[in-house]
Amino acid sequence: MKNCLQTGSIDRSKSSPIHVFVLIDALGWQVIKDRSFLNRELTFRTPLKTVLGFSSGAIPSILTGLAPSRTGRWNLFYYDPVNSPFRWLRVLSALPDSLLNNRYVRKAIKELGRRVLGMGPLFECGVSPRLLPWFNWSEKTSIYEAGGIAGSSSIFDLLREADIDHKIYSYHTLSDLQILERAKIDIVASNATCFFLYLSEVDHFLHGECTDQTTVTDRLVWYEGQLREVFKLALQRNKAMTFTVISDHGVTPVHSRYDLVHDIQSLGFQMPKQYLAVYDSTMARYWFFDEGARKAVVKKLEGITCGRILEDSHLDQLGILFTDRRYGEVIFLLDPGWLVAQSDFNNDDWRPTGMHGYHPSDPHSDAVFLSNRDPHREMITIMDIFPCLREATSAA
């Protein structure tokens, strides 16, 4: 998308509706409800329930209005031994962990996945290299462009189909500051009528600083100031413009850690022969090839008091029941505030003060919807954002 800086060459109608959408990753309702954050500009303000899991599931649901079970997007790794881009690693499975599972090999696999195997620029070696041949990666293409969510129509597909001039900004190519500066230029100098800004750095910040209230306030003041400038420029271009700030989830303060990996490994069953497991920061997902392993692992999980197994009826209610079990046959979720002490996604040295990926009923997990216009429907979950996004397709 080229920026048009020659304002004298622009031929646009000043009456064309303008829509500005700002997705701020991890900006939770609990963070802004008692703080001033564009209160004068964005008078409609409400919390939204997120979907269970992480941004990999929540953002596709925002962009399509569909639950993860319908977009096919939930967590990043899913069971797919037939189509795994890492099937060739099976020939190395006899190597000891000291040679196959270390930071040098992981880094090499990460770069190979990103640059050669088409896994996309965000691929991380989040499971042991020994287990990679049984898994695939869900986010091979950027979801912030048309065609990015295969099998579903996102707002970006609709904008392209409607031939509406629009601008999309994300961390794939720009920092938050660069996104904000570029958007200010484009609002003034381009013919675009829809602007979508994805600001990702608040998520990283809140992982480390969510309990430091002064630091959180200072950081939000900076974002507020930057967004107020964007708001004013949009208003100058068109008095009837729509400006909306949304998020995918909130951040919950972490108070305890639980070594779930140690508990399951102590049962003595072997991966990948008898079972497979993927451990994230707040949940674990299991696949079984041995009935004895299934019974023992399930029994162990049922005895853990700081989490629970999610039954199929609950998964269905949450929109994350996949009949092919690609994201797990058994899914175990920790209670809000608890963290998996160690996994392939994080190690003992990682000590975040905040985390997301808990049950949507946790108030700290609530996302936000802030707008200068009242929406035309009741806003309950993050999937209700999509009809508001879709209104931009009516722009002339």
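Below is a summary of the structure that appears in this document. Here the structure is a predicted model, which is why all the values come from computation and not from measurement. (Residues numbered from 1 in each chain as written. Predicted model: local features only at pLDDT ≥ 70, side-chain atom pairs only at ≥ 80, totals over all residues. Heavy atoms only, no water.)

As for the pairing of strand E16 (residues 367–371)
We apply this condition: Each residue's exposure class comes from its accessible area (1.4 Å probe, protein chains only) as a fraction of the maximum for that residue type: buried when under 20%, exposed when over 50%, partly exposed otherwise. Only DSSP runs of H or I reaching four residues or more are called helices, and only runs of E reaching two or more are called strands; each is numbered from the N terminus. When DSSP locates at least two bridges between a pair of strands, those strands are taken to pair.
Along E16, five of the five residues are buried, which leaves the element largely enclosed by surrounding structure. Residues Ala 367, Phe 369 and Ser 371 line one face of E16 and the alternating positions Val 368 and Leu 370 line the opposite face, and both faces are buried. Alignment of strand E2 (residues 44–48) against E16, held across five bridges, turns out to be antiparallel. Residue Leu 48 lies in a different strand from E16, and its bridge partner there is Ala 367. In terms of strand pairing, strand E7 (residues 242–246) meets E16 through three bridges, oriented antiparallel. When the sheet's bridge partners are listed, Thr 244 is paired in E16 with Ser 371.

Observations regarding unusual backbone geometry
The omega torsion of the bond from Met 271 to Pro 272 falls at 0°, within 30 degrees of zero and hence cis. The backbone phi angle of Leu 38 is positive, close to 55°, even though this residue is not glycine. By the secondary structure assignment, Leu 38 is in the loop between helix H1 (29–32) and E2. Not every positive phi belongs to a glycine, and Asp 163 is a case in point at roughly 55°. The residue Asp 163 is located in the loop between helix H6 (155–161) and strand E5 (166–169) in this model.

Describing the packing of helix H8 (residues 201–209) against helix H9 (residues 213–237)
Using the following cut-off: Between the N-to-C directions of two axes lies an angle of 0 to 180 degrees, each axis being a line fitted to C-alpha atoms and, for a helix, fitted only over the stretch in contact. Oblique is the label for any angle not covered by the other classes, which are roughly parallel (under 35 degrees), roughly antiparallel (over 145) and roughly perpendicular (65 to 115). Two residues form a contact once any of their heavy atoms are found within 4.5 Å. Throughout, the ten residues Ala, Val, Leu, Ile, Met, Phe, Trp, Tyr, Cys and Pro are labelled nonpolar, Asp, Glu, Lys and Arg are labelled charged, and all others, Gly among them, are labelled polar.
The geometry of H8 relative to H9 is characterised by a closest axis approach of 11 Å and an angle of 170° between their N-to-C directions. Put simply, H8 runs roughly antiparallel to H9. Packed against H8, whose contacting residues are Glu 201, Val 202, Phe 205, Leu 206 and Glu 209, the element H9 presents Thr 215, Val 216, Arg 219 and Tyr 223 at the interface. Within the contact of H8 with H9, the residues separate by chemical class into five nonpolar, one polar and three charged.

Some thoughts on the pattern of salt bridges
For side chains bearing opposite charge, pairing can occur when the charged atoms are close. Formally: Salt bridges, as used here, are contacts in which a Lys or Arg side-chain nitrogen is within 4 Å of a carboxyl oxygen on Asp or Glu.
One pass over the structure, following the stated rule, counts 13 salt bridges. Salt-bridge contacts for Arg 228 lead to Glu 41; the nearest nitrogen and oxygen are separated by 2.6 Å. With Arg 228 in helix H9 and Glu 41 in the loop between H1 and E2, this pair connects stretches of sequence that are 187 residues apart. The two residues Arg 228 and Glu 41 agree in class, both being buried. Each of Glu 41, Glu 224 and Arg 228 takes part in one network of salt bridges that share partners.

Focus: helix H11 (residues 291–302)
Basically, it comes down to this: Expected span of a helix: the number of residues minus one, times 1.5 Å. Picture the helix axis, draw a direction to every C-beta atom, and the arc is the one those directions span. The definition of a polar contact used here is a pair of N or O atoms within 3.5 Å, where within protein one atom must be able to donate a hydrogen and the other to accept one, and adjacent residues in sequence count solely through side-chain atom pairs.
Helix length check: H11 (twelve residues) gives 16 Å between terminal C-alpha atoms against 16 Å at 1.5 Å per residue, within 8%. The set of residues buried in H11 consists of Ala 293, Val 297, Val 298 and Leu 301. Projection of H11 onto a plane perpendicular to its axis shows the buried side chains occupying an angular sector of 120°, all on one side. Counted as exposed and oriented over 90 degrees from the buried face of H11: Lys 295, Lys 299 and Glu 302. Along its buried surface, H11 packs onto helix H10 (260–265), strand E11 (283–288), strand E12 (307–309) and strand E13 (330–334). For H11, the N-terminal cap is Asp 290; the gap from its side-chain oxygen to the backbone nitrogen of Gly 292 is 2.9 Å.

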